[in-house]
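So the chains spell out like this:
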Amino acid sequence: MGKVVLVTGVARQLGGRFVRRVQRDPEVDRVIGVDAVPPEHHLGGADFVRADIRQPAIARVLAEYGVDTVVHMDVTGTPLAGGGGRTTVKETNVIGTMQLLGACQKSPAVQRLVVKSSTSVYGSASRDPAVFTETTSPKALPSGGFAKDAVEVEGYVRGFARRRPDVAVCVLRFANILGPCADSPLADYFSLPALPTVLGYDPRLQFVHEDDVVEVLRIAAHEPRRSTLNSGTFNIAGDGVLLLSQCARRLGRPTVPFLLPAVRWVGSALRTVGMSDFSPEQIRLLTHGRVVRTTQMRETLGFEPKYTTVEAFADFARSRGGGLLPPEMLASAVDRTAAFVRRNGPNGQDQVNGENGQDRQNRTEEPKERI
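Residues numbered from 1 in each chain as written. Predicted model: local features only at pLDDT ≥ 70, side-chain atom pairs only at ≥ 80, totals over all residues. Heavy atoms only, no water.

With that settled, the discussion passes to helix H4 (residues 145–163). An α-helix turns once per 3.6 residues; consequently, residues spaced three or four apart project the same way. Compared with an ideal rise of 1.5 Å per residue, which puts 19 residues at 27 Å, H4 spans 28 Å between its outermost C-alpha atoms and is within 8% of the ideal. Here H4 has its buried residues at Phe 146, Ala 147, Asp 149, Ala 150, Val 153, Glu 154, Val 157, Gly 159 and Phe 160. Summarising the contacts, the buried residues of H4 are in contact with helix H3 (86–106), strand E5 (112–118), strand E6 (168–174) and helix H9 (280–288). (Helix = DSSP H or I, 4+ residues; strand = E, 2+ residues; numbered from the N terminus. Expected span 1.5 Å × (residues − 1). Buried < 20%, exposed > 50% of the residue type's maximum accessible area, 1.4 Å probe, protein only. Contact = heavy atoms within 4.5 Å.)

Here the focus is the environment of Gly 33. For Gly 33, the location among the structural elements is in strand E2 (residues 28–35). With 13 residues separating them along the chain, Gly 33 and Ala 46 place their C-alpha atoms 6.7 Å apart. When near neighbours in sequence (up to four residues on either side) are disregarded, Gly 33 contacts Val 7, Val 10, Asp 47, Phe 48 and Val 49.

Here we take up the pattern of salt bridges. Using the criterion set out here, one finds 19 salt bridges in the structure. The salt bridge partner of Arg 17 is Glu 210, with a shortest N-O separation of 3.6 Å. Residue Arg 17 is found in helix H1 (residues 13–22), and its partner Glu 210 is found in helix H6 (residues 210–221); the two are separated by 193 residues along the sequence. Here Arg 54 and Glu 91 are joined by a salt bridge, their closest N and O atoms 2.9 Å apart. Here Arg 54, found in the loop between strand E3 (47–50) and helix H2 (58–65), pairs with Glu 91, found in helix H3; they are 37 residues apart in sequence, far enough to count as distant. In this structure Arg 54 comes out as partly exposed when scored by relative accessible area, which is 22%. (Salt bridge = Lys/Arg side-chain N within 4 Å of Asp/Glu carboxyl O.)

To continue, consider the pairing of strand E1 (residues 3–8). With respect to burial, E1 is a largely interior element, six of its six residues being buried. Residues Lys 3, Val 5 and Val 7 of E1 are buried on one face, and the alternating residues Val 4, Leu 6 and Thr 8, pointing to the opposite face, are buried as well. The pairing of E1 with E2 spans six bridges and is parallel. Looking at the pairing, Thr 8 lines up with Val 34 of E2. As for the winding sense of the linkage, the β-α-β connection from E1 through H1 to E2 is right-handed. Alignment of E1 against strand E4 (residues 69–72), held across four bridges, turns out to be parallel. When the bridges of E4 are listed, Val 7 appears paired with Val 71. (Pairing = 2+ DSSP bridges. Right-handed = clockwise from strand over helix to strand, strands pointing away.)

The strand order E3-E2-E1-E4-E5-E6-E11 describes an open sheet built from seven strands, whose pairing is parallel. At either margin of the open sheet sits one strand with a lone partner, and together these are E3 and strand E11 (232–236). Sheet twist, expressed as the average angle between the axes of neighbouring strands with direction ignored, equals 20 degrees. Note: E5 against E6, seven bridges, orientation parallel. Of the residues in E6, the one forming a bridge with Val 114 is Cys 170. (Axes fitted to C-alpha atoms, helices over the stretch in contact; angles between N-to-C directions.)

What follows is about H2. All buried positions along H2 are accounted for by Ile 58, Val 61 and Leu 62. For H2, the buried positions fall inside an angular range of 95 degrees around the axis, keeping them on one side. H2 presents Arg 60, Ala 63 and Glu 64 as exposed residues on the side facing more than 90 degrees away from its buried surface. Where H2 terminates, the next one or two residues include Gly 66, which has phi positive at roughly 65 degrees. (Arc of directions from axis to C-beta.)

The subject of this paragraph is the nonpolar core. Val 7, Phe 18, Val 71, Leu 172, Phe 174, Leu 217 and Ile 236 are the most contacted members of the largest nonpolar core, which totals 38 residues. Only E1, H1, E2, E6, H6 and E11 provide two or more residues apiece to this core. If you tally residues by element for this core, the top one is H6, at seven residues. Non-local contacts of Phe 18, meaning those with residues more than four positions away in its chain, are made with Val 7, Val 71, Met 73, Val 214, Leu 217, Arg 218 and Ala 221. Ranked by size, the runner-up nonpolar core spans 27 residues in total, among them Ala 51, Val 61, Val 115 and Val 167. (Core = buried A, V, L, I, M, F, W, Y, C linked by side-chain atoms within 4.5 Å.)

For the pair H1 and H6, interaxial distance at closest approach is 10 Å and the crossing angle is 50 degrees. In this view, H1 runs oblique relative to H6, as classed from their interaxial angle. Where H1 crosses over H6, the two elements pack in a sense that is right-handed. Residues Leu 14, Arg 17, Phe 18, Arg 21 and Val 22 of H1 form the contact with H6, whose participating residues are Glu 210, Asp 211, Val 213, Val 214, Glu 215, Leu 217, Arg 218 and Ala 221. Per-class residue counts for the contact of H1 with H6 are seven nonpolar, no polar and six charged. (Parallel < 35°, antiparallel > 145°, perpendicular 65-115°, else oblique. Left-handed = near helix turned anticlockwise from the far one by under 90°. Nonpolar A, V, L, I, M, F, W, Y, C, P; charged D, E, K, R; others polar.)

This part is about the packing of H2 against H3. Where H2 contacts H3, the two axes come as close as 8 Å, and the packing angle between them is 35 degrees. Note that H2 runs across H3; the crossing there is right-handed. For the pair formed by H2 and H3, the contact residues are Ile 58, Ala 59 and Leu 62 on the first element and Gln 99, Leu 100, Ala 103 and Cys 104 on the second. Taken together, the residues of the contact of H2 with H3 sort by class into six nonpolar, one polar and no charged.

Structure follows, in structure tokens:
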């Protein structure tokens, strides 16, 4: 008999993609997809069970199918279309995880648990370190929203690991997930025609491509490969960072800077009209940013992302189409402005060479205009 894998949250595109991918592995005998609503996409040869993980019935599903591997992907920040609001999402994240872990604890067949978490557990604050590692404690715990849900979920998972030390537990803290099918508050924000920003801040951001998310979940769901270990907590992100201003230019979308109190008001207005879940935690991210170290992902887990942060964002940008400002025109304008500033600093000084206009006239050779 091969593995029997149960996957939660399969009504979402990412969950459906993982189900279709993992069932192609030769060591997997059966895949069971679980969600409270039927998926609109195809799940391949997987069995779909309509079940709400907030209810004790999930324990019967584990026992009936003899599940030995559980991949918990139903930890998310956005509700499904027509699936309720923030209250429903929080109940699924927190209460659903509690019920699922309780069912896993009672099932002697369960041998491996993989939990999709988020780097939002670190929060975003002005006193935070430049780079978070898996062992870094946040200066201030998230006070609400999906970030707080993720913190509570990880707390329950640690408790489960203590009660069932025989189960291999892997927690994957993903950076902001982007790609053509991205479904997250940050993806909604980047889809706005103009991007509200906090005046005076240009945060550093990290992304991970949805293809890499599916692949690292698959690695975590199997026995570790030679010289690797897939039990523990791992930061998952693409190489490199992008500034928010760089993201806006690549999307061709103008930014609209506001003072921080005004940004909070704009966020409330966008949530009210349903355009974007511009939550307080997202405002903090777009103020202070967040960057994580991924050494353990490579050296211990043995995973190398296919996409860098820049490449993941580029693929996302292509799927969203052009913005109000064509990126090529915007980049050209920025370059021309930078060249002008270098040549003509304040009071007629050359900011590159530290010379004034008279000094330039006295030189025997004058370089051509810089591009």
